[in-house]
Amino acid sequence: MTALLRYQAALLLRSQRWLPPFILYVAFLGIGVQGGQPVLDSLGYTAAALLPVAAWLVRICTTNEPPAARSCVAAAVGPARAHLACLLVALTTAAVLGTAATLVVTLISDPASADHRTRVPLPAAAAAGLLATLACALLGTAVGALTNWPLLRSPGRAVPAMLLAALLSVVVTGSPAQAAVSGLVTGSRSGTVPVPLLPLAGAALVTAAATAVTCALTSRRSP
Amino acid sequence: MRSDLRLNNVGRRYGIHGPWILRGVDLELAPGTLTRVDGPNGTGKSTLLRVLARIDAPTEGKITGRPRTAYVPERFPQALPFTAEAYLTHLGTVHGLSRAAAPRAAAGWLARFGADAYARTPMTRLSKGSSQKVAVAQALLAEPELLVLDEAWTGLDEGARAELERAVAERTAAGGAVVFVDHDPRRLAGAPDATYTVTDGTLNLRTDKPTSPSGPQVSLDVQGPPGGQLPAEASQFLTSSTEPTPGTYRLTVPASYSDVLLRALLTARPPWHVVSLSLRTDPTLDPLDDESPR
């Protein structure tokens, strides 16, 4: 599995297809986050923006390898494991990107509530931001897994479905990502730092289920 | 412990209401056997090989056994962001080699197929034939227990085609199972243990196997120890063997198996002595001895 992860990571890195979502994320943050803004608001925005980026990274990882090359790897390790490696590499990349963004945003933001009256402890805010970011990375991975090969193959269906699902996962009540982000935003109003463990657990559960379904389908769908 | 791959009444179709591509396939691939699959285009040969390599799961029926498998697709993509060497090193470790052994195996196989000059060339700049060499090398790197070749010879130059035949001979001699599809009837002629034809999604064993093998043969005159028995690895691949005088044998093998036979004879304890060796390209001109090899 380590060799497989190393191969998939090298494939992603060397293909340079990670660059567009990376730039998009930086642009998102450049527009939405400015120094001196309330820390929890900015962290909520940072986490929410990561969800479509994670989904896009999954799309890159699952489409990066030409089908014939994927078959060679699938014969060696089994198609389910080959696909699992794709998803894990995408998730890890999104998590690393989100962690870096969260740390930067925490450092440049104002450690205060939305009305700048109550002080917000920075380490606790950073921890809450990291948990929310991870929840969004997980849910974005689930969205990407469910809207790309092996479930949807043609880009004409996969891309709109992925964008719509990513948008809905951020805004619809009941989604773990929405719960994590709104937890940060409402926490910012009162100046209390939330601990979004429940949304994280929910996101992990959804992602595990999506991963299991898509990995099981890899050997049943046409390449 | 090697495991046989066994297909039991296997069927495969894409989609819930798609047409059956394969139906009612029973097949067993034992270690050390060479299996050929024939059939016209679009009859399900590639699907069968994908099921055998366990890339595709059967829609119905059962498949048992999980040998370490390597697969060569009929067309290998150039769109990979690696050099040939880097790709093969990655695939070597994916196939289970250590990080130290993978680059050595990669260099060795590239050299065997005459592609060592392209080791540091990006895959995107390789010709079709060169990238097919990479695909073949990828499969042979880690000495798989099951080698699945889907028209792997297509696009290879003459030297590489012969080398791949010898590599297949080595693999079966070492106890691996090999299954291949190829449209050239002379491919490994006389060597397969079984030939199947896929027609309309069903698999039929070809029983009209010609009694005298076609394709180039190598015949060897060898002397063995008095009362000696041919090594088992050697006798496995013979198309014929006669004993003109006691202790002297004339052995015939498909040309791609000559190295395997020589290695078996020369490394036997006590070793055999090779007196002469000759290549016969057209066996019909030189009727083979009728003594059955197996």
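Residues numbered from 1 in each chain as written. Chains lettered and ligands numbered in written order. Predicted model: local features only at pLDDT ≥ 70, side-chain atom pairs only at ≥ 80, totals over all residues.

Colleague: Help me out: how do you make sense of the nonpolar core in this one?
Modeller: In globular proteins that are soluble, nonpolar side chains generally tend to be buried together. Of all hydrophobic cores here, the largest spans 160 residues; its most connected members are Ala54(A), Ala135(A) and Cys136(A). In terms of residue count, helix H3 (residues 39–63) of chain A provides more of this core than any other element does, 17 residues in total. Taken domain by domain, the makeup of this core includes at least three residues from each of domain 1 (5–205) and domain 2 (217–285) of chain B. Setting aside residues up to four positions removed in sequence, Ala54(A) forms contacts with Ala90(A), Leu91(A), Ala94(A), Cys136(A), Ala137(A), Gly140(A), Thr141(A) and Gly144(A). (Core = buried A, V, L, I, M, F, W, Y, C linked by C-beta atoms within 7 Å. Buried ≥ 20, exposed ≤ 12 C-beta atoms within 10 Å, placed from the backbone. Helix = DSSP H or I, 4+ residues; strand = E, 2+ residues; numbered from the N terminus. Domains from an automatic or database assignment. Contact = placed C-beta atoms within 7 Å.)

Colleague: What is the right way to read unusual backbone geometry from this model?
Modeller: Apart from glycine, the bulk of residues carry a negative phi angle, and the bulk of peptide bonds sit in the trans form. Cis geometry is found at the peptide bond from Trp149(A) to Pro150(A), where omega equals 10 degrees. Locating Pro150(A) in the fold gives a position in the loop between helix H6 (122–146) and helix H7 (155–171). In this structure, the amide linkage connecting Arg269(B) to the following residue, Pro270(B), adopts the cis form with an omega of -5 degrees. Along the chain, Pro270(B) falls in the loop between helix H7 (258–266) and strand S13 (273–280). The backbone phi angle of Glu151(B) is positive, close to 50 degrees, even though this residue is not glycine. Mapped onto the elements of the fold, Glu151(B) is located in the loop between strand S6 (146–150) and helix H5 (158–173). Overall, Glu151(B) belongs to the buried group, with 20 C-beta atoms counted inside 10 Å. In this model, Asp200(B) sits at a positive phi of 50 degrees, which is unusual for a non-glycine residue.

Colleague: What is the right way to read the interface of chain B and chain A from this model?
Modeller: How big an interface is tends to be stated in terms of the accessible area lost upon association of its parts. Of the residues lining the interface, 24 residues belong to chain B; the matching set on chain A comes to 22 residues. When residues of the side of chain B that touches chain A are traced back to their parent elements, those giving at least two are strand S5 (69–72) and helix H2 (84–94) of chain B. With four residues, H2(B) is the largest single contributor of residues to the side of chain B that touches chain A. Considering only residue class, the side of chain B that touches chain A consists of 16 nonpolar, five polar and three charged. (Nonpolar A, V, L, I, M, F, W, Y, C, P; charged D, E, K, R; others polar.)

Colleague: Would you mind going over the sheet that holds strand S8 (residues 194–199) of chain B with me for this structure?
Modeller: The strands making up a sheet are joined through hydrogen bonds of the backbone, oriented either antiparallel or parallel. Here six strands make up an open sheet; going across it, the order is S5-S6-S7-S3-S8-S9 (chain B) and the pairing mixed. Single-partner strands in this sheet number two, and they are S5 and strand S9 (202–205) of chain B. Between one strand axis and the next, the sheet turns through 20 degrees on average, direction left out of account. Note that strand S3 (residues 34–38) of chain B and S8(B) share four bridges and pair parallel. Within S8(B), the position partnered with Thr35(B) by the bridge is Ala194(B). Docked against the sheet, helix H4 (residues 67–77) of chain A engages S5 and S6 of chain B, running at close to 165 degrees with respect to S5(B). (Pairing = 2+ DSSP bridges. Axes fitted to C-alpha atoms, helices over the stretch in contact; angles between N-to-C directions.)

Colleague: How do you make sense of the confidence of the model for chain B when you look at a structure like this?
Modeller: Fine structural detail should not be taken from predicted coordinates in areas where pLDDT scores are low. Residues and elements named next belong to chain B. Taken as a whole, chain B shows an average pLDDT of 86; of its residues, 92% reach a score of 70 or greater. When mean pLDDT is taken per element in chain B, S5 scores highest with 96 and helix H6 (residues 232–235) scores lowest with 76. Of the regions scoring below 50 in pLDDT, residues 285–294 engages in 15 contacts with residues more than four places distant in sequence or in other chains. The ipTM assigned to the predicted complex is 0.89, against a pTM of 0.88. (pLDDT = per-residue confidence, 0-100.)

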